[in-house]
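Take a look at the letters that make up each chain.
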Amino acid sequence: MTRYSPEQLAERLRDGDRRALAQAITLIESTRPEHRVKAAQLLESLMPSTGNSVRLGISGVPGVGKSTFIEAFGNHITQQGHRVAVLAVDPTSALSGGSILGDKTRMETLSRNPNAFIRPSPAGKTLGGVTRRTRETLLLCEAGGFDVVLVETVGVGQSETAVAEMTDMFLLLLLPGGGDELQGIKRGIMELADLILVNKADGDSKVIAERTVTDYTMALHFLHSRSKNWQPRVQALSALNNQGVADVWETVNDFQAKLGDEIQHRRSAQAVNWLWAETADRLLDDLKGDASVRKRVAGLERDVTEGKLPPTVAAEQLINHYKSR
Ligand code: GDP
């Protein structure tokens, strides 16, 4: 893997060395125990250099124009002097092992932009595993001097929640026309959105897009807002024609100004949630990996399957066995 010690890698990464960043990400994505130890050391030494970015989550159904938007948006903000990292949480990568999101071929000009860094979704057995690696990669990118981090996802609810939990602001891309039922958007995901973007507001769709903006603006008034300092907004844009893209960046800046200290509070709460999610994951891994527990599991699973034992009772027995082993 890497011939550098965690300290050397941290130093090169902080100096803005992209290869060091890529190596560091490979290290934190590795499941080998010795790499996990090095990754932990690396992250710990980099912590003081993290936190200096605008963290943006972004979601929308396949085909809505996420990569077209990220490319236009990324190129716009790098022209303003920012450095942007694009990460992804692909819930299907857990199943298929492959990943479409964050694919460089989807964002061709941005991937050649020296001030942009694109990383596809890590593969993983569980969404939790994919999420953890992306969170850590986000911290590495911040330490590497990227001051805007976009985390892209597409999914069935859980991955949106996971991404909203690691970012400051959540953007949801929609298509012109159609209610949320038609667009397959769940109310819970609408409630996560700080900014709804109606994309493809061009050509014949322009008028419909404007009406969609009005409809969603009305709808949002009936939804629970995540912050008392921010009423979610709806904007139309054409990512393809680069119209309305600069306005998105303005809204992001406005959001930051309006939220002020609340962003730090959000991050603190997210960090504590992360601590507990991580603890739960590790305890479960440890429990499942324990040889004597494994012997017991098959019988308990069978009893539960056959309806002989309520799952609550089986869980209790499993935990008692784990604690007393
Ligand atoms: P993703 O799957 O959400 O990443 O969507 P893509 O960015 O790959 O876009 C899907 C298709 O929609 C592509 O053919 C794009 O060229 C097209 N598209 C994206 N944005 C716009 C837009 O603003 N207007 C129009 N007319 N087409 C767009």
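Residues numbered from 1 in each chain as written. Predicted model: local features only at pLDDT ≥ 70, side-chain atom pairs only at ≥ 80, totals over all residues. Heavy atoms only, no water.

Draft legend 1. Main features of the pattern of salt bridges. Using the criterion set out here, one finds 14 salt bridges in the structure. Put simply, E34 and R32 hold a salt bridge, and the shortest N to O gap is 2.5 Å. By relative accessible area, which is 41% here, E34 ends up partly exposed. Note on R32: relative accessible area 47%, which makes it partly exposed. Taking the shortest distance from any N to any O, the salt bridge between K258 and D254 comes out at 3.2 Å. (Salt bridge = Lys/Arg side-chain N within 4 Å of Asp/Glu carboxyl O. Buried < 20%, exposed > 50% of the residue type's maximum accessible area, 1.4 Å probe, protein only.)

Draft legend 2. Quick look at the packing of aromatic side chains. Enumeration over the complete set of coordinates arrives at 4 aromatic pairs. A ring pair is formed by F69 and F73, whose centres lie 5.1 Å apart and whose planes are at 25°; its orientation type is stacked. Residue F69 and its partner F73 are located together in helix α4 (residues 66-79), separated by 4 residues, close to a single helical turn. A relative accessible area of 0% means that F69 is categorised as buried. Assessed through its relative accessible area of 0%, F73 is described here as buried. Members of the aromatic cluster, connected to one another through ring pairs, are F69, F73 and W249. Across the ring face of F146, the terminal group of R83 is positioned such that the distance to the ring centre comes to 4.2 Å. (Phe/Tyr/Trp six-rings, centres within 6.5 Å; stacked < 30°, edge-to-face > 60°. Helix = DSSP H or I, 4+ residues; strand = E, 2+ residues; numbered from the N terminus. Lys NZ or Arg CZ within 6 Å of the ring centre and 35° of its normal.)

Draft legend 3. Layout of the site of the ligand. Near the ligand lie 15 residues; those nearest to it are G63, K66, T68, R106 and D202. In the environment of the ligand, an oxygen atom lies 3.0 Å from a nitrogen or oxygen atom belonging to the backbone of G65. A distance of 2.6 Å separates a nitrogen atom of the ligand from a polar atom in the side chain of D202. The protein chains hide 69% of the 570 Å² of surface that the ligand would expose on its own. When the residues that make up the shell around the ligand are grouped by side-chain class, the tally is 5 nonpolar, 6 polar and 4 charged. (Near = heavy atom within 4 Å. Polar contact = N/O pair within 3.5 Å; in protein donor to acceptor, adjacent residues only side chain to side chain. Areas by Shrake-Rupley, 256 points an atom, 1.4 Å probe, with all protein chains shown as cover. Nonpolar A, V, L, I, M, F, W, Y, C, P; charged D, E, K, R; others polar.)

Draft legend 4. Just the pairing of strand β4 (residues 148-153), in detail. The element β4 is largely enclosed, with a buried count of 6 among its 6 residues. Neither face of β4 is open: one carries V148, L150 and E152, the other V149, V151 and T153, and all of them are buried. Note that strand β1 (residues 54-59) and β4 share 6 bridges and pair parallel. Note on β4: the bridge partner recorded for I58 is E152. Here strand β2 (residues 84-89) pairs with β4 via 6 bridges, running parallel. The residue bridging V86 from the neighbouring strand is L150, located in β4. (Pairing = 2+ DSSP bridges.)

Draft legend 5. Main features of the sheet that holds strand β5 (residues 169-174). With respect to topology, 7 strands assemble into an open sheet ordered β3-β2-β4-β1-β5-β6-β7, the strand pairing being parallel. Of all strands in the sheet, those bounded by a partner on one side alone are β3 (116-118) and β7 (233-236). Across the sheet, the axes of successive neighbouring strands diverge by a mean angle of 20°, strand direction being ignored. Contacts from helix α7 (residues 127-143) reach β1, β2, β3 and β4 within the one sheet, and its direction differs from that of β2 by about 175°. (Axes fitted to C-alpha atoms, helices over the stretch in contact; angles between N-to-C directions. Contact = heavy atoms within 4.5 Å.)

Draft legend 6. Looking closely at the packing of helix α3 (residues 33-46) against α7. Following both chains from N to C, one finds α3 and α7 inclined at 45°, their axes separated by 10 Å at the closest point. The angle between α3 and α7 places the two elements in the oblique class. The interaxial crossing formed by α3 with α7 has left-handed handedness. Residues R36, L42, L43 and L46 of α3 form the contact with α7, whose own contacting residues are R132, E136, L139, L140 and A143. (Parallel < 35°, antiparallel > 145°, perpendicular 65-115°, else oblique. Left-handed = near helix turned anticlockwise from the far one by under 90°.)

Draft legend 7. Here's a closer look at unusual backbone geometry. Notably, K200 is not glycine yet its phi reads approximately 65°, a positive angle. Despite not being glycine, N242 has its phi angle at roughly 60°, a positive value. With respect to the helices and strands, N242 occurs in the loop between β7 and α11 (245-259).

Draft legend 8. Quick look at the packing of helix α2 (residues 18-29) against α3. In the contact formed by α2 and α3, the axes pass within 8 Å of each other and the chain directions differ by 130°. In terms of orientation, α2 lies oblique with respect to α3. Crossing handedness for the pair α2 and α3: left-handed. On the side of α2, the interface is formed by A24, L27 and I28, while α3 contributes H35, R36, K38, A39, L42 and L43.

Draft legend 9. Expanded view of the pairing of β7. With 4 bridges joining them, strand β6 (residues 195-198) and β7 adopt parallel strand pairing. Note that in β7 the partner of L195 across the bridge is R233. Regarding the hand of the β-α-β motif, the stretch spanning β6, helix α10 (residues 205-221) and β7 is right-handed. (Right-handed = clockwise from strand over helix to strand, strands pointing away.)

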